[in-house]
Amino acid sequence: MNLDNVYIVLSHPEESRNVGAVCRAMANSGIKHLRIVGKKEDFDEERVRILAIHAAYIWENAEFFDSVTQAVSDCFCAAGTTRRKGKKRKGKLLLPEEFIDEISSAENGKAAIVFGNERTGLTDEELEECTLGVTIPSCADFASLNLSHAVQIMCYHAFRASEKPSAGYTPVSLERLDKTVSEIADNLQKIGFFSVTGRHDMEQFWRMILSRAAISEGEAKYIEKVFDKAAGLSCKGRKEN
């Protein structure tokens, strides 16, 4: 596993010191890329540096975005971290080691790990922008982890996985994957598989499944051809009848 392709994404963090602590946690595991959903000017640079210490370079190179979707668009998957379960919380939540195992073979593809606000965590809407959910087990009496501690745990598992050999290949980015998902939905809609109102849920399903599969460009094109041909045959059959 290539640690240079692991991206930590913080969505609207409130406390500057927490951002600094996250930088230090990342540096402990050799992870350098930090993306923040928010504006740089909203943070106190001095407070960030106090806790970042020698990892301040991560803050200096941090990238800022307007949404989670923008922050993860060039990644092949985005894992939203959450301790809450529910219908809108991705259903099955992976353990940290399970998620890292899934992405370890993607030597050349970027993977994002997304963390929510310190007080509220990721909202349902933010988690929907991710492709899967990850949960860190903790005591039910005090289940909420400090932001930097949660980042440390995820980074540690990635660091351990980096010490193992990887076959390595390049999966498509989420931005590219969305094209395949749209092709699938377009063709399913052509054959009347679902109504217009059911399209969003269908797209979310395929986005989640295909991102977890970490498909290559060739596989993406093949899937598009399969659904296009299936829709064509279906339409042809209906005309003949």
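Report on the accompanying structure. (Residues numbered from 1 in each chain as written. Predicted model: local features only at pLDDT ≥ 70, side-chain atom pairs only at ≥ 80, totals over all residues. Heavy atoms only, no water.)

### Describing the overall build of the chain
On a plain count of helices and strands, the chain comes out with 10 helices and 7 strands. Relative to a compact globule of 241 residues, whose C-alpha radius of gyration would be 18 Å, the chain shows 20 Å and is just as compact. Across its three principal directions, the C-alpha atoms of the chain cover 75 × 35 × 35 Å. Split into buried and exposed, the 241 residues of the chain put 45% on the buried side. Taking the contacts inside the chain whose residues are at least 6 apart along the sequence as the reference set, 84% of them involve residues at least 24 apart. (Helix = DSSP H or I, 4+ residues; strand = E, 2+ residues; numbered from the N terminus. Rg over C-alpha atoms; globule rule 2.2 N^0.38 Å. Buried < 20%, exposed > 50% of the residue type's maximum accessible area, 1.4 Å probe, protein only. Contact = heavy atoms within 4.5 Å.)

### Overview of the packing of aromatic side chains
Ring pairs (aromatic) are described by centroid distance and by the angle formed between their planes. Within this structure, the stated rule accounts for 5 aromatic pairs. Between F43 and W59, the ring centres sit 6.0 Å apart and the planes meet at 75 degrees, which makes this aromatic pair edge-to-face. Taken as a pair, F43 in the loop between β2 (33-37) and α2 (45-52) and W59 in helix α3 (residues 56-60) lie far apart in primary sequence, 16 residues in all. Of the two residues examined, F43 and W59, each falls in the buried class. Feature note: the residues F43, W59 and F64 constitute an aromatic cluster, connected by ring pairs. One cation-aromatic arrangement involves K40 over W59; the distance from NZ or CZ to the ring centre is 5.5 Å. (Phe/Tyr/Trp six-rings, centres within 6.5 Å; stacked < 30°, edge-to-face > 60°. Lys NZ or Arg CZ within 6 Å of the ring centre and 35° of its normal.)

### Thoughts on the nonpolar core
In this structure, I8, L10, M26, L34, F99, F115 and V151 are the most contacted members of the largest nonpolar core, which totals 42 residues. Ranked by the residues each element gives to this core, the list is headed by helix α7 (residues 147-162), at 7 residues. Once you skip the residues sitting within four places of it in the chain, L10 turns out to touch V19, V22, L34, R35, I36, V37, F115, L147 and V151. V72, C75, L188 and I215 belong to the second-largest nonpolar core, a separate cluster that totals 27 residues. (Core = buried A, V, L, I, M, F, W, Y, C linked by side-chain atoms within 4.5 Å.)

### Looking at helix α5 (residues 96-103)
Listed as buried for α5 are P96, F99, I100 and I103. In an axial view of α5, the angular spread of the buried residues amounts to 95 degrees, which keeps them on one side of the axis. As for α5, its buried residues are in contact with β4 (77-81), β5 (93-94), β6 (111-115), β7 (132-134) and α7. (Arc of directions from axis to C-beta.)

### So, the pairing of β4
Regular strands have side chains that alternate between both faces of the sheet. Most of β4 is tucked away: 5 of the 5 residues are buried. Every second residue of β4 is oriented toward a common face, with C77, A79 and T81 on one face and A78 and G80 on the other, all of them buried. Two elements, β4 and β6, share 4 bridges in a ladder whose sense is parallel. Pairing of C77 across the sheet is with A111, part of β6. Taken together, the 3 bridges between β4 and β7 define a ladder with parallel strand orientation. (Pairing = 2+ DSSP bridges.)

### Examining the pattern of salt bridges
Applying the stated criterion across every chain, the model contains 17 salt bridges. Between D74 and R35 there is a salt bridge; the shortest N-O distance is 2.8 Å. Of this pair, D74 sits in the loop between α4 (68-72) and β4 while R35 is found in strand β2, placing the two residues 39 residues apart along the sequence. For D74, a relative accessible area of 30% corresponds to the partly exposed category. Between E102 and R212 there is a salt bridge, with the nearest N and O atoms lying 3.0 Å from each other. (Salt bridge = Lys/Arg side-chain N within 4 Å of Asp/Glu carboxyl O.)

### Examining the sheet that holds strand β1 (residues 6-11)
Spatial ordering of the open sheet is given by β3-β2-β1-β6-β4-β7-β5, a layout of 7 strands whose pairing is parallel. A strand with exactly one partner marks an edge of an open sheet, and here the two such strands are β3 (63-65) and β5.

### Quick notes on the pairing of β1
Within β1, 6 of the 6 residues are buried, which leaves it mostly tucked inside the rest of the structure. The side-chain alternation of β1 yields two buried faces, one formed by V6, I8 and L10 and the other by Y7, V9 and S11. For β1 and β6, the ladder comprises 5 bridges, and the chain directions are parallel. Bridging from a neighbouring strand, V6 pairs with A111 of β6.

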